[in-house]
Amino acid sequence: MTKEIAIASGKGGTGKTFIASNLSFFLHDQGMKVVAVDADVEAPDLVLALGGIKKVIESSSFYGSQLPKVDYNKCIKCWRCIEACKFNALLKGENGPIVLHELCEGLGTCAIVCPVKAISFEEVKTGDLIIALSKEDIPVVMGELELGGENSGRLVYELRKRARTMQCDFIDIDSAPGIGCPVISSIVGVDVLIIVIEPTPQSLKGAFRLLEVAKSLDVRTYAILNKYDINPSFAREIEKSIDVDILGRIAYNDSVIEAYTSMVPLLKFKPESEIAWELRKIFKVILEEII
Amino acid sequence: MKIISVTGGKGGTGKTLVATNLAWLLSRKKKTMLVDIDVDNPCTYTFFNVHLTKTRSIVRFKPIIDKEKCTLCGKCTATCPTHALILIPKKNDILYIPSLCEGCALCYYVCPEQAILEGKDEIGYIYEGRKDNIYLIVGELKVGQRASIKVMLETLSHSMERAKEYQYEYVVIDTPPGTSSGIYRALSLSNKIILVTEPTTLGIHDLKRMLRLLKDLKDKEIIMVVNKYGIRGGAYEELSSFIKGCKLDNIVYIPYDAEIPKHYAKGKIIVKKYGDKLTKAFNEILRFAHDC
């Protein structure tokens with residue numbers, strides 16, 4: 001049975017990609033078959049943390065939305081479509097309604113209410129789905145949402161669906177920051193969710209919000225305290241105040257950034273460093289006790 | 001009125017650091033509004049000892065089914081584009097799953113019996129508060145809801161109305177990470193854009209995506225702020241070749257100092273304490289914000 005692990009955080013920049021890339025590397029190194037999913041479709045960079053792209057295996061367009069097309073010859077300018085649209089995505093124009101693409105959700109209410117059937121819907125491309133083999137020989141399923149795009153949750157859902165067809169032991173999901181649509185799509189139904197927290201009030205606040213979402217989705221959740229030494233007293237406070245098992249504490253060190261710059265996972269870049277030991281300890285617990 | 005957005009692509013590069021400190025500096029002389037559209041996890045207010053008041057709930061349509069009128073014809077369940085309504089024939093019931101609903105109201109319009117009534121579902125809130133010369137507007141997504149972008153858009157239009165009403169001279173908008181349509185809206189409203197990045201491979205990579213988003217926007221003044229400059233092990237070669245190629249000539253460097261994140265983590269306005277070390281960088285950012 002394939003197991004799914006998601007790495008998420010309420011705040012950005014806490015170390016999701018750091019944990020996700022090293023976890024993938026660790027499991028791969030242990031002889032497991034791992035597929036990594038980069039679910040941060042607005043800033044996809046998990047593959048960079050796994051050495052960059054060695055080979056693109058598959059690339060396809062993702063049609064995640066629809067846009068209304070107005071037949072202005074048929075339109076009788078009754079404006080029922082404008083009244084019905086809950087997203088204020090239609091404006092009165094000279095010949096009929098004008099569609100504001102950035103506000104349209106593509107759900108089709110305008111077409112249904114149009115008495116003369118002057119509105120039809122066509123599929124639009126909202127992103128790309130790419131499967132690449134990283135230089136660390138780990139396949140990465142990644143999405144790239146069109147710039148300024150929406151419906152990132154649907155693309156994330158497609159990425160996970162595609163990863164599940166790839167016959168593997170583990171699917172490692174690097175989530176987007178936050179608690180909204182793409183994050184919910186990243187964590188719903190996973191076997192384990194790991195929240196990465198840094199010792200700042202901003203990160204803790206995000207973690208509490210994310211925990212609440214995870215609870216409502218009934219997802220088994222753990223946490224990792226990252227960069228704990230930038231504020232050790234606050235890190236201790238977090239440990240006391242948060243109602244979730246903390247799998248480990250990782251210190252902050254220049255080698256984390258150096259590893260990124262060299263595009264090599266830290267576990268390979270500095271395998272004997274203190275951080276590497278701590279990471280392996282945490283990942284062993286995940287592998288042997290949690291999953 | 002000048003509108004300045006602070007953005008950058010990657011999370012944790014220092015957007016909120018720049019936005020809060022810039023707003024504080026501007027507010028010493030000018031009426032300044034600070035708008036937080038990082039609705040998933042808004043944090044700007046934690047840097048000001050400010051009392052926020054919930055001034056608005058952001059709502060969207062939700063169906064309320066009148067079971068007496070409903071004939072279980074199945075039209076609503078067949079048309080719902082997100083499968084939030086499910087017909088359960090055995091139980092003679094229609095099940096509504098709020099987490100799948102997008103609030104499009106299609107069901108309301110297709111029901112031949114008018115058995116669906118218009119209900120409202122709260123998806124977020126707008127908070128407001130004043131601290132000295134800063135007026136703070138914060139958008140927040142209700143936990144468990146998915147419609148971040150709608151909350152961002154509502155917060156932006158509410159802020160623009162307020163800013164005009166009270167004649168704010170400066171509006172600073174703090175954006176979330178990413179390149180979503182909500183961020184695009186903030187950037188298109190702005191006169192000036194501050195791109196905050198860090199000298200790391202991922203920071204530069206995500207900024208490149210942001211620059212592609214900016215291509216569609218005309219007549220914007222842009223400044224790039226490289227935060228944590230000098231951090232050991234950083235991707236400096238990559239950064240300098242990126243800078244050469246990106247055609248941005250207005251670049252400010254905020255020097256890395258391990259003390260800054262510690263102080264910042266306590267929720268402090270850092271220019272108050274580290275004024276000397278940061279004067280040069282923040283003076284340049286301030287000059288950019290002031291210039292016409």
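These numbers come from a predicted model, not from an experiment. (Residues numbered from 1 in each chain as written. Chains lettered and ligands numbered in written order. Predicted model: local features only at pLDDT ≥ 70, side-chain atom pairs only at ≥ 80, totals over all residues. Heavy atoms only, no water.)

Note: strands within a sheet are paired through backbone hydrogen bonds, in either parallel or antiparallel orientation. Residues and elements named next belong to chain A. In spatial order, the strands read 3-8-9-2-10-1-11-12-13; together these nine strands make up an open sheet with mixed pairing. Of all the strands in the sheet, the pair left with one neighbour each is strand 3 (53–62) and strand 13 (245–249). Strand-to-strand twist across the sheet, computed as the mean angle between neighbouring axes with direction ignored, equals 20°. Of the strand pairs in this sheet, strand 12 (residues 221–225) and strand 13 are connected by four bridges, and their pairing is parallel. Paired with Tyr-222 across the bridge in strand 13 is Asp-245. (Pairing = 2+ DSSP bridges. Helix = DSSP H or I, 4+ residues; strand = E, 2+ residues; numbered from the N terminus. Axes fitted to C-alpha atoms, helices over the stretch in contact; angles between N-to-C directions.)

Before going further, it helps to examine the pairing of strand 11 (residues 251–255) of chain B. Residue and element names in this part refer to chain B. Here strand 10 (residues 221–229) pairs with strand 11 via four bridges, running parallel. Across the sheet, the residue bridging to Tyr-229 is Pro-255, located in strand 11. The parallel pair strand 10 and strand 11, bridged by helix 7 (residues 236–246), forms a crossover whose chirality is right-handed. (Right-handed = clockwise from strand over helix to strand, strands pointing away.)

It is worth spelling out helix 7 of chain B at this point. Residues and elements named next belong to chain B. Restricting attention to buried positions, one finds in helix 7 the residues Leu-239, Phe-242, Ile-243 and Cys-246. Burial along helix 7 is one-sided: seen end-on, the buried residues are contained in an arc of 100°. For helix 7, the exposed residues set more than 90 degrees away from the buried face come down to Glu-237, Lys-244 and Gly-245. Downstream of helix 7 by a residue or two, Lys-247 has a phi angle that is positive, lying close to 65°. (Buried < 20%, exposed > 50% of the residue type's maximum accessible area, 1.4 Å probe, protein only. Arc of directions from axis to C-beta.)

Once that is clear, we can look at the nonpolar core. In this structure, Val-141, Leu-193 and Ile-242 of chain A together with Ile-173 and Met-224 of chain B are the most contacted members of the largest nonpolar core, which totals 87 residues. The element best represented in this core is helix 4 (residues 148–165) of chain B, accounting for seven residues. Beyond its immediate chain neighbours, meaning those up to four positions away, Ile-242 of chain A contacts Ile-197, Leu-204, Ala-207, Phe-208 and Leu-211 of chain A. The next biggest cluster of nonpolar side chains, apart from the first, holds 43 residues, and it includes Ile-19, Ile-130, Ala-132 and Phe-170 of chain A. (Core = buried A, V, L, I, M, F, W, Y, C linked by side-chain atoms within 4.5 Å. Contact = heavy atoms within 4.5 Å.)

Moving on: the domain arrangement of chain A. All names here are of chain A. Entries for chain A in the domain assignment read domain 1 (3–62 + 127–290) and domain 2 (65–124). Taken together, the four residues of domain 1 in the interface contact seven residues of domain 2. For the domain 1 and domain 2 pair, buried surface summed over both sides reaches about 330 Å², with 16% attributable to carbon and sulfur atoms. Counting the surface domain 1 buries against domain 2, the share from its top three residues, Glu-150, Asn-151 and Arg-154, is 89%. For the pair domain 1 and domain 2, the number of links is zero salt bridges. Applying the counting criterion to the domain 1 and domain 2 interface returns zero residue pairs in polar contact (both at pLDDT 80 or more). Residues that form the side of domain 1 that touches domain 2 fall into these classes: one nonpolar, one polar and two charged. (Domains from an automatic or database assignment. Buried area = accessible area lost by both parts, 1.4 Å probe. Salt bridge = Lys/Arg side-chain N within 4 Å of Asp/Glu carboxyl O. Polar contact = N/O pair within 3.5 Å; in protein donor to acceptor, adjacent residues only side chain to side chain. Nonpolar A, V, L, I, M, F, W, Y, C, P; charged D, E, K, R; others polar.)

Turning our eyes to something else, we now look at the domain arrangement of chain B. Each domain of chain B was delimited in the assignment, giving domain 1 (2–58 + 124–290) and domain 2 (67–114). When each unit is reduced to the centre of its C-alpha atoms, the spacing between domain 1 of chain B and domain 2 of chain B is 42 Å.

It is worth spelling out the environment of Lys-11 of chain A at this point. Inspection of the secondary structure puts Lys-11 of chain A in the loop between strand 1 (3–8) and helix 1 (16–29). On the basis of relative accessibility, which here comes to 18%, the residue Lys-11 of chain A falls in the buried class. Taking the C-alpha atoms as reference points, Lys-11 of chain A and Ile-119 of chain A, separated by 108 residues in sequence, lie 41 Å from one another. In this structure Lys-11 of chain A touches Lys-16, Pro-177, Glu-198, Thr-200, Gln-202, Ser-203 and Gly-206 of chain A together with Gly-12 and Asn-41 of chain B, once residues within four positions along its chain are discounted.

This next bit is on the interface of chain A and chain B. Contact with chain A, which involves 56 residues of that partner, is made by 60 residues of chain B. Approximately 4,700 Å² of surface area, both sides summed, lies buried where chain A meets chain B, with 60% of it carried by carbon and sulfur atoms. Across the chain A-chain B interface, the total number found is six salt bridges. Linking Glu-140 of chain B and Arg-209 of chain A is a salt bridge whose minimum nitrogen-to-oxygen distance equals 3.1 Å. At the level of secondary structure, the elements contributing two or more residues to the side of chain A that touches chain B comprise helix 3 (80–84), helix 4 (109–113), strand 9 (139–145), helix 6 (181–187), helix 7 (201–216) and helix 9 (254–262) of chain A.

Next up on the list: the packing of aromatic side chains. Residues and elements named next belong to chain B. According to the stated counting rule, one finds nine aromatic pairs over all chains in the structure shown. Seen from their ring centres, Phe-61 and Tyr-108 are 6.1 Å apart, and the 70° between their planes marks the pair as edge-to-face. Placement of Phe-61 in strand 3 (residues 53–65) and of Tyr-108 in helix 3 (residues 106–110) is noted, with a sequence separation of 47 residues between them. Under the relative-accessibility criterion, Tyr-108 is labelled partly exposed at 31%. Taken together, a centroid distance of 4.5 Å and an interplanar angle of 55° make the contact between Tyr-229 and Tyr-253 tilted. Pair noted here: Tyr-229 is in strand 10 and Tyr-253 is in strand 11, with a separation of 24 residues, a long-range link. Lying over the aromatic face of Phe-288, Lys-192 brings its terminal NZ or CZ to 5.1 Å of the ring centre. (Phe/Tyr/Trp six-rings, centres within 6.5 Å; stacked < 30°, edge-to-face > 60°. Lys NZ or Arg CZ within 6 Å of the ring centre and 35° of its normal.)

Residues and elements named next belong to chain B. Pairing in this open sheet of nine strands is mixed, and the strands run 3-6-7-2-8-1-9-10-11 from one edge to the other. Where the open sheet ends on each side, the last strands, each with one partner, are strand 3 and strand 11. Looking at each pair of strands side by side, their axes are set apart by 20° on average, direction ignored. Relative to strand 10, helix 7 is tilted by about 170°, and along the sheet it contacts strand 10 and strand 11.

This brings us to a positive patch on the surface. A contiguous patch of positive charge, built from Lys-262, Lys-266, Lys-268 and Lys-273 of chain B, is present on the exposed surface. Among the structural elements, Lys-262 of chain B can be located in helix 8 (residues 259–265). (Patch = residues over 30% accessible without salt bridge, like charges linked within 9 Å, V, L, I, M, F, W, Y side chains within 5 Å. Areas by Shrake-Rupley, 256 points an atom, 1.4 Å probe, with all protein chains shown as cover. Lys, Arg positive; Asp, Glu negative; His and termini not counted. Charge placed at Lys NZ, Arg CZ, Asp CG, Glu CD.)

Residues separated by three or four positions in an α-helix point in the same direction, a consequence of the helix having 3.6 residues per turn. Helix length check: helix 6 (residues 201–214) of chain B, at 14 residues, gives a terminal C-alpha distance of 20 Å against a target of 20 Å (1.5 Å per residue), a fit within 8%. Counting buried positions along helix 6 of chain B gives 11 out of 14 residues, so the element sits mostly inside the fold. (Expected span 1.5 Å × (residues − 1).)

A few words on the environment of Asp-291 of chain B. All names here are of chain B. Structurally, the position occupied by Asp-291 is in the segment after helix 10 (275–290). Residues Asp-291 and Ile-64, 227 residues apart in the sequence, show an inter-C-alpha distance of 53 Å. Setting aside chain neighbours within four positions, we find Asp-291 in contact with Lys-2 and Lys-192.

Quick look at the pattern of salt bridges now. Residue and element names in this part refer to chain B. This model, assessed by the stated rule, comprises 30 salt bridges over all chains. Lys-10 serves as the salt-bridge partner of Glu-198, at 3.7 Å between the closest nitrogen and oxygen. With Glu-198 in the loop between strand 9 (192–197) and helix 6 and Lys-10 in the loop between strand 1 (2–7) and helix 1 (15–27), this residue pair connects regions lying 188 residues apart in the sequence. Across this residue pair, the class does not change: Glu-198 and Lys-10 are buried. The shortest N-O distance in the salt bridge between Asp-93 and Lys-67 comes to 3.0 Å.

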